[in-house]
Amino acid sequence: MATQARQHSGRCVRANGIDIYYVEAGQGEPLLLLDNAMVSTNPIWASVPFAYASSLGTLAEHFRVIVPDTRGSGKSVHPGGPITSALLADDVAALIDALDLDRPLVCGFSDGGETATLAGIRHPGSVRAIVNHAGYDLFNPDPHAPAIAMTRQMLGGSAHATQADPELAASRSPEMRSMFELMKSDHDSAQGTGHWKTVVAQTFDRITQPHGYTLDDLHTITAPTLILTGDRDPFCPVEEGAAICGALRAGQLAVLPDTAHQITPAAVQTMIDFLGRS
């Protein structure tokens, strides 16, 4: 079991027009961890393998880890309007400035991986290294790509859904019910009863269509970038990861065996090894 690292109490900082809530742990070189938007820094997510809360202690043994709540999720309040991938990337750049960080390391999982990569595209030179862990499906410009269809099915009830159906999504399987119970506990306690449905809807709108950036835009990224995926990830297949990697100036590809769409101890160690070389 990983040694428990010192964790600061959560706090807010004003960045890009909102108060971004974040937690911090460990010491050393700063590392921003970007979760997918349906989870947050709430410790209840430490029990699941798709939130960085499950590996914060391990990473904090090596870095000064900073984990923000995504705009509109957890305790980061969104004032209204669409939450686009580009807006989230700009939030990251603004958070870096607000915390006076000098080219930090950035790692993102799933939706957070898209955000980390877009931060490198939109704000070249703002980060020293990037890890995109299973967050590159929206670089596919096809709105009917299999990964996007699966997301519509998962959150909207069918591959052709045009809006989220949170109640239906929560009832689809024991695993989904368990996830949405955590979402209710997390987001509703932070922002009021029923806010979990708002989080699902905002996330659906963002991740069920291409974000508008393609392989050609990846050449803008100047930082070393690791594309990390599992050989059984249905959303981010190895073939697409290889194409993403090939489009980067300083890309590396790591494929984890017998691994689906999740943050495993092997994934965390791969991140640590890459960041130590960067």
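Use the structure listed above.
Fair warning: this is a prediction, and the values are worked out from it, not measured in the lab.

How each quantity is defined
- Every residue gets a number counted from 1 within its own chain, in the order that chain's sequence is written.
- The predicted origin of the model limits local features to residues at a pLDDT of at least 70 and limits the giving and counting of side-chain atom pairs to 80 or more, whereas totals for whole chains, interfaces and linings rest on all residues.
- Remark: hydrogens and water are excluded; side-chain values derive from all non-hydrogen atoms of the structure.
- Salt bridges are defined by distance alone: a side-chain nitrogen of Lys or Arg within 4 Å of a carboxyl oxygen of Asp or Glu.
- For helices the rule is a DSSP run of H or I covering at least 4 residues; for strands it is a run of E covering at least 2, with both sets numbered from the N terminus onward.
- Lining residues are those with an atom within 4 Å of a point, where the points come from a 1 Å grid over the protein atoms alone and group into cavities, where a 1.4 Å probe fits but cannot get out, or pockets, open sets with protein on both sides within 12 Å along at least five of seven lines.
- Grid points are joined across faces, edges and corners, and a volume is the space filled by probe spheres set on the points.

Visitor: Help me get a handle on the pattern of salt bridges, residues and values and all.
Guide: One pass over the full model with this rule turns up 9 salt bridges. The salt bridge involving Arg122 is made with Asp90; its shortest N-O contact spans 2.9 Å. Residue Arg122 is located in helix α3 (residues 111–122), and its partner Asp90 is located in helix α2 (residues 85–98); the two are separated by 32 residues in the primary sequence. In this structure, Lys197 and Glu167 form a salt bridge, with 3.0 Å as the shortest nitrogen-oxygen distance. Within this pair, whereas Lys197 is found in helix α7 (residues 195–207), its partner Glu167 is found in helix α5 (residues 166–170), the two being separated by 30 residues in sequence.

Visitor: Residues and numbers for empty space enclosed by the protein, please.
Guide: According to the stated counting rule, one finds 1 cavity of 30 Å³ or more in the structure shown. In this model, the largest cavity occupies a volume close to 160 Å³. Lining the largest cavity are 14 residues, and of these Leu34, Pro68, Thr70, Leu88 and Val92 sit closest to its centre. Sorting the residues of the lining of the largest cavity by element identifies α2 and α3 as the ones contributing at least two each. Here the element with the most residues in the lining of the largest cavity is α2; it accounts for 4 residues.

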